[in-house]
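Survey of secondary and tertiary structure
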Amino acid sequence: MIFSKKKIIIAYTIEKCSKCGMLKKREFIDGDCLFSELSKCNSCDGTSIIEKIFGEELES
Amino acid sequence: MELTNIDFDQLFGMSDDSNPLMMLIWILPIILFVFYGQRIQLYVTSGEIKKALKKLDGYKVDSRSELIIYLKKNLKLDDDPTEKIDKFLEYFTIMPVDMDPNGIVDKVRHTVRMREDYTREHIKLLSSQINDLELTKVQTLLEIASSLQMIYKIVNHMFLTAKKQNNYPLILPLQMLLPFIMEQAEAMSKSIPAFKTGQPIGDGIGPMVVGKIMLDCEKETIAFQTILAKTDFDGRKLFFIKAEGPGSTVGRPAEALETIVSNSEIDAIIMVDAALKMEGEESASIACGFGAAIGGIGTERFQIEEIATQKNIPIFSIVVKQSVKEAITLMTKQIAEKSNDVTSQIYEMIKENTKQGQSIVIIGVGNTSGVPQ
């Protein structure tokens, strides 16, 4: 269709600190896996785990 | 020449029924449509189907090349896989005869498992160092490429047959089914990146909810590619089952249930799955109901229903509604955000429908790609 916009899906990863519960949203990178432990939380000494991985549609 | 005073009534004979020009204008199209109407419709419909076929061909070619690129990039191959992959894509499955339906489920299960086992063994032959995670990914990508090839072949066959016979009615069923076929094919084609990168798909909401609960529990393998975790909740014993993640598999929940039921007395079964939404229904809405919520060709559902009926165990279901595309492509934000609501719904259902001291099996049904436990 002439006027339809092209939709792009961007994958995001949500990290959640198991201690303070702080959420961080970033773009998905290869190797990200749900519930896997990541580096230390930025605001406390707790460890972040990947809480969610999902796609969001962007119109271009 | 004066162009301003043309009498259109006179030109087209609107005031005179005997004008031959007017008669031709009316009668010619009628004759044309009476004798060649179907052929004209055939040409118009052919154009639409040709466009769809071009798209299907693109999906078929892309899925094949994506699979070959993935194999070359991610596996240490013993030799060039192209020839073997092309051979795999041509494999077909002949379903058992159903004239006598007695025992058909066992026959279907045997045929399908035989195909799966064969594919698995031959993928292992491509690379001797392939691990289980990569194996399930390649198996899924192969299934997608093979299905897209089959869809293209069938649509092309129906189209060419109708064209060859110049038979318009023959092309009608294809024209009616085409939007649904294209929706499925497009969804399959768009699911490839999610499976390649090990991202969770919409269908994985059941395993995602159960997998999260399982995280702190002790786990054991109960059936092929199927994991069990036991825990206690409010005086009840809970058995959680899901396919073994993060590989792309649905496991064998029916076999797992059979093993549990043979060793323990079960009072209720709760199944958590993704379900296809109806048009007009909101995506990612949660619904509860009765009966076994499990898709596939029906063998797993049959076995679960058989066990539940024999042992008189009630089956409850929680489903998260989604479209075909949402179910097999990267999980949407709306679906992912419903995971905590589904977890609360499971515990609410347990409290409402069971008593303390009872045992409940909770099955997270669906493809567990990108969802560990």
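Residues numbered from 1 in each chain as written. Chains lettered and ligands numbered in written order. Predicted model: local features only at pLDDT ≥ 70, side-chain atom pairs only at ≥ 80, totals over all residues.

Let us now look at the confidence of the model for chain B. Per-residue confidence for chain B averages 93 on the pLDDT scale, and 96% of its residues sit at or above 70. Both scores are given for the predicted complex: the pTM is 0.89, the ipTM 0.90. (pLDDT = per-residue confidence, 0-100.)

Interface size, as often reported, equals the accessible area lost upon joining of the parts. With 17 residues of chain B in contact, the opposing surface of chain A contributes 12 residues. Listing elements by their share of the side of chain B that touches chain A, those giving two or more residues are α7 (205–214) and α11 (333–336) of chain B. With three residues, α7 of chain B is the single largest residue contributor to the side of chain B that touches chain A. Classifying every residue of the side of chain B that touches chain A by side-chain character gives nine nonpolar, six polar and two charged. (Contact = placed C-beta atoms within 7 Å. Helix = DSSP H or I, 4+ residues; strand = E, 2+ residues; numbered from the N terminus. Nonpolar A, V, L, I, M, F, W, Y, C, P; charged D, E, K, R; others polar.)

Below, the discussion takes up the domain arrangement of chain B. All names here are of chain B. Considered domain by domain, chain B is made up of domain 1 (39–197) and domain 2 (202–364). Contacts between domain 1 and domain 2 engage 18 residues on the former and 12 residues on the latter. Taken together, the elements giving at least two residues each to the side of domain 1 that touches domain 2 come down to α4 (104–126), α5 (132–165) and α6 (168–197). Ranked by the residues each element gives to the side of domain 1 that touches domain 2, the list is headed by α6, at nine residues. Within the side of domain 1 that touches domain 2, the residues separate by chemical class into eight nonpolar, four polar and six charged. (Domains from an automatic or database assignment.)

With that settled, consider the pairing of strand β4 (residues 268–276) of chain B. Residues and elements named next belong to chain B. For β4, a buried count of seven out of nine residues is recorded, marking the element as mostly surrounded by other parts of the structure. Pairing of β4 with strand β7 (residues 359–364), which is carried by five bridges, proceeds in the parallel orientation. Pairing of V272 across the sheet is with G364, part of β7. Bridge count for β4 against strand β6 (residues 315–322) is eight bridges, and the pairing is parallel. Across the sheet, the residue bridging to A275 is K321, located in β6. (Buried ≥ 20, exposed ≤ 12 C-beta atoms within 10 Å, placed from the backbone. Pairing = 2+ DSSP bridges.)

This part is about the sheet that holds strand β1 (residues 219–223) of chain B. Note: strands within a sheet are paired through backbone hydrogen bonds, in either parallel or antiparallel orientation. All names here are of chain B. If you trace the seven strands from one edge of the open sheet to the other, you get β1-β2-β3-β7-β4-β6-β5, paired in mixed fashion. This sheet does not close on itself; its edge strands, each paired only once, are β1 and β5 (286–290). Pairs of neighbouring strands in the sheet enclose a mean axial angle of 25°, with direction left out of account. Sheet topology places β5 next to β6; five bridges connect them, and they run antiparallel. Directly across from C288, in β6, lies its bridge partner I318. Against the sheet, helix α8 (residues 253–263) engages β1, β2 (226–233), β3 (236–243) and β7, with an angle of about 105° to β1. (Axes fitted to C-alpha atoms, helices over the stretch in contact; angles between N-to-C directions.)

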